[in-house]
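Analysis of the macromolecular model
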Amino acid sequence: MDDFMAHRATYPSRTAHFVRWAVAHRHAHNLTAPATRWAGPSGPHDEDRRWEVARRLLHDDAAPTADRVAGLLLLLYAQHVNAIRHLIVDHIQRDGDKPKILLGDRPIVLPAPLDALMEELIASRRGHTLVDEPGTWLFPGRVPGKPLSSDQLVLRLRALGVNPRQDRATALFTLAAQVPAAILARMLGIHRQVAVQWQQASGGDWAAYAADVAARPVRSRPAD
C-alpha cells in the first residue's frame, strides 16, 4: 500500500479517501492513509480557449441541447459536473419572460441566447420519468428516477471540447477577479472560503477595493 500510494496512485487523494472508508466500514484494518489538503487554485488557464468553446456552444446547434447547456453552465458559471447533473426543473425560476437559474441562494438571470437554450432543454428533455412532473431532472439518466451519471456527462462534455477540471478552474479564476468572494459564493453555490482562496489567487483584493471606495470624497449632487 505504501508503494502504491507513493509511486503508482493516479489520484492519491481519492485513494486515501477509499482507504479511510474501507477501514471505517471494517473492510480492512491496520491501514492508514495521509490526509490531503487543498492548497488552493494554482493559477489561470487558457481564457481565450474557454471563450472560444463557449461561443461555439452558444451558436452551433449541431450538438445536443442538453450537452450545450451543461457545457455552458461549467464554462460561464464554474459549475462542477456533479452539481450540473443534479439540477432539476425547479432550479429554473421565472422573472417575467426572463428565466433565472438558482445555483446558490441568489438566482442568476440567464442571458441570451443561453436563456433560449435552457427553455429548449426543459421542453425537450427525455428520460424514463414524466417530463411534466415537478422536480424532475434537467439531465435525466438512463436509470429511471436518476440523473445522468458524472462519468457520462464528462464524456459528453469532452466530446464538445470542454475539459471539465481545467475549464472550471479557468472560469472560477476569472470570476473571482471580478466579483467579491461573498457574492461569488452565494451566486455559484460554493463555500465562501473556497471563493476567498480563488479571489486571493486571482489578485482580486475586494477588501482593499472597498476600503478605497469608502475613503473617496463624496461628490455633491448638482442642484436641480
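Everything below is about the structure printed above this text.
**Overview of unusual backbone geometry**
A negative phi angle is the norm for most residues apart from glycine, just as the trans form is the norm for most peptide bonds. Cis geometry marks the peptide bond from Ala-112 to Pro-113; its omega dihedral reads 0°. By secondary structure assignment, the location of Pro-113 is in the loop between strand S3 (108-109) and helix H6 (114-124). The phi dihedral of Asn-30 is positive, around 60°, even though this residue is not glycine. Tracing the chain through its elements places Asn-30 in the loop between helix H2 (12-24) and helix H3 (47-59). For Asn-30, a relative accessible area of 74% gives the class exposed.

**Examining the packing of H3 against helix H8 (residues 164-176)**
Look at H3 against H8: their axes get within 10 Å of each other, and the N-to-C directions meet at 105°. The angle between H3 and H8 places the two elements in the roughly perpendicular class. Across from Glu-47, Arg-49 and Arg-50 in H3, the residues of H8 making contact are Asp-167, Thr-170, Ala-171 and Thr-174. Among the residues making up the contact of H3 with H8, the classes are represented as one nonpolar, two polar and four charged.

**Re the nonpolar core**
By size, the foremost hydrophobic cluster in this structure holds 51 residues, and its most contacted members are Tyr-77, Ile-101, Met-118, Leu-138, Phe-139 and Leu-188. Taken together, the elements giving at least two residues each to this core come down to H3, helix H4 (65-77), helix H5 (81-85), H6, helix H7 (150-159), H8, helix H9 (181-188) and helix H10 (192-202). Considering every element that reaches this core, the biggest residue donor is H4, with nine residues. If near-sequence neighbours (up to four positions away) are discounted, Phe-139 is found in contact with Ala-66, Val-69, Ala-70, Ile-84, Arg-85, Leu-87, Leu-121, Pro-147 and Leu-148.

**Describing H10**
Along H10, the residues that are buried comprise Ala-195, Trp-198, Gln-199 and Ser-202. In an axial view of H10, the angular spread of the buried residues amounts to 100°, which keeps them on one side of the axis.

**Brief notes about the sheet that holds S3**
One open sheet accounts for three strands, arranged S1-S2-S3; its pairing is antiparallel. The sheet is open, and its two edges are formed by strand S1 (92-95) and S3, each paired on a single side. Both S1 and strand S2 (residues 98-101) contribute to a ladder of four bridges, which runs antiparallel. Bridging across to S2, Asp-95 finds its partner in Lys-98.

Conventions we followed
Residues numbered from 1 in each chain as written. Predicted model: local features only at pLDDT ≥ 70, side-chain atom pairs only at ≥ 80, totals over all residues. Heavy atoms only, no water. Helix = DSSP H or I, 4+ residues; strand = E, 2+ residues; numbered from the N terminus. Buried < 20%, exposed > 50% of the residue type's maximum accessible area, 1.4 Å probe, protein only. Axes fitted to C-alpha atoms, helices over the stretch in contact; angles between N-to-C directions. Parallel < 35°, antiparallel > 145°, perpendicular 65-115°, else oblique. Contact = heavy atoms within 4.5 Å. Nonpolar A, V, L, I, M, F, W, Y, C, P; charged D, E, K, R; others polar. Core = buried A, V, L, I, M, F, W, Y, C linked by side-chain atoms within 4.5 Å. Arc of directions from axis to C-beta. Pairing = 2+ DSSP bridges.

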